[in-house]
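Letter by letter, the chains look like this.
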Amino acid sequence: MGKAHFSFSLFIVAFAIVNVCKADEEIGIYELQRGNLSVNITNYGATVLNVVVPDKYGKLDDIVLGYGSIDDYKNDTTYFGALVGRVANRIGGAKFTLNGKVYKLPANDHGNTLHGGTKGYSNVIWRVREHVKDSHLTLTYDSYDGEQGFPGDLSVSVTYLLLGQNKFAIRMQAKPTTKPTPVNLVSHTYWNLGGHASGNILNTHTIQLFASQITPANKKLIPTGKISNVKGTPYDFLEPRVIGTKMPAGGYDINYILDKTGTEKHLTKVSTVWNGKTGRKLELWSDQVGVQFYTSNMLKDTVGKGGVLYRQYGALCLETQGYPDSVNHPNFPSQIVNPGESYRHVMVHRFTAS
């Protein structure tokens, strides 16, 4: 399949050495492949390691950032490709009140809780329920009452699916069994449609976001509780625009409120991203109310796959989600899920090149 796929295969062989942590907990690599689309996932953090797709010339390349070893993922602070929870994004003051009780959480981000705490779902080993190479991989995790301060037992699952030869879907589900609890799961994949090693995305990627409003945040990235229109501001991507034009200082890291337009099979169209050089296009649909658009502002000389040095603005993230800090903002859509109810989150990525 060409030189690009050969080097990618070497990476997988080197990476796929199983690491036995406990008698019943093994870390492995699981491949999904159909046609020229291939995805590799590890059950450590339910992490997307690679997504390989062709460009307009048919050349295959890996378009997500990541590391070259499991140990690097264990020490990761970027959340490359991880499944993040129990509550992704930030919780202000590292606490919230539910049914009159205050729940205190680990403060791992300037006095706030980020991506589930000091050991969220991105840092645990998931069980493999089912793996069919040309179809899907399902992983599960049983989160216990009090884990990282969150109330109640929670059964969590994620299924990674290939739909045809150019669609990659993610289906996240969670069911509380003992207590009401907040749930906001996120897939934290870093995309670079030029290839993971191609560098800065600001002037090479054009994006359209189907979102007319944002939830403004303070300097610590905690929402103020207000809702603002993007029209005419640097946050306006209602029409396609090169990311780096009009960009606010420091880049983008903000929650967009999705417009309920452009729906497909009960999913809302979130965004379209293009790379002019490779011709690759990524279209994203989801059933969530928001998306965090992040331009990897905090990347700084991070050594990635193949020794590649990832620098600031080396990728973009599109994290479909509930609004950040919803547990502390009654005017935001609730993330509380009660026993007997189910949390569901679907994302569909479609890749083309022309």
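Residues numbered from 1 in each chain as written. Predicted model: local features only at pLDDT ≥ 70, side-chain atom pairs only at ≥ 80, totals over all residues. Heavy atoms only, no water.

As annotated in an unreviewed UniProt entry, the protein is Aldose 1-epimerase from Castilleja foliolosa. On record in UniProt, under Sequence similarities (unreviewed entry), the comment for the protein is "Belongs to the aldose epimerase family." Looking at the Pathway (unreviewed entry) heading of the UniProt record, one finds this comment for the protein: "Carbohydrate metabolism; hexose metabolism." (UniProt positions renumbered as here; feature names shortened; annotations may be inferred.)

Caption draft 1: Expanded view of the overall build of the protein. In terms of helices and strands, the protein carries two helices and 30 strands. Its C-alpha radius of gyration of 19 Å places the protein within 12% of the 20 Å reference for a compact globule of 354 residues. Dimensions of the protein, computed from C-alpha atoms along their principal axes, come out at roughly 60 × 55 × 40 Å. Across the 354 residues of the protein, 56% fall into the buried class. Long-range contacts, defined as pairs at least 24 residues apart, comprise 66% of the intrachain contacts of the protein with a sequence gap of at least 6. Per element, the accessible surface of the protein, about 14,700 Å² overall, is 51% carbon and sulfur. (Helix = DSSP H or I, 4+ residues; strand = E, 2+ residues; numbered from the N terminus. Rg over C-alpha atoms; globule rule 2.2 N^0.38 Å. Buried < 20%, exposed > 50% of the residue type's maximum accessible area, 1.4 Å probe, protein only. Contact = heavy atoms within 4.5 Å. Areas by Shrake-Rupley, 256 points an atom, 1.4 Å probe, with all protein chains shown as cover.)

Caption draft 2: Quick peek at the sheet that holds strand β15 (residues 167–176). Read across the sheet, nine strands follow the order β12-β13-β14-β15-β30-β24-β23-β18-β21 without closing on themselves; strand pairing throughout is antiparallel. Only two strands of the sheet have a single neighbouring strand rather than two, namely β12 (127–132) and β21 (241–242). When β12 meets strand β13 (residues 136–143), the two strands line up antiparallel, connected through five bridges. Bridge pairing links H131 to L137 in β13. (Pairing = 2+ DSSP bridges.)

Caption draft 3: Representation of the nonpolar core in the model. By size, the foremost hydrophobic cluster in this structure holds 57 residues, and its most contacted members are V51, W126, Y160, Y256 and F293. The element contributing the most residues to this core is strand β14 (residues 154–163), with five residues. For Y256, the residues in contact, after removing those within four places along its chain, are L209, A211, Q213, I214, V230, Y235, F237, V289, G290, V291 and F293. (Core = buried A, V, L, I, M, F, W, Y, C linked by side-chain atoms within 4.5 Å.)

Caption draft 4: Focus on the environment of G152. Summarising the element assignment, G152 is placed in the loop between β13 and β14. Exposure remark for G152: the relative accessible area of 0% places this residue in the buried category. Separated by 28 residues in the primary sequence, G152 and P180 have C-alpha atoms spaced 6.7 Å apart. Beyond its immediate stretch of four places on either side in the chain, G152 contacts R86, S143, Y144, D145, G146, T178 and K179.

Caption draft 5: Seen up close, the UniProt feature "active site" (unreviewed entry) in the protein. Per the UniProt entry, the sites bearing "active site" (unreviewed entry) are H188 and E319 in this numbering. These annotated residues cover 132 residues of sequence, and their C-alpha atoms lie no more than 6.0 Å from one another, placing them together at a single site. Inspection of the secondary structure assignment puts H188 in strand β17 (residues 186–188). For H188, a relative accessible area of 3% gives the class buried.

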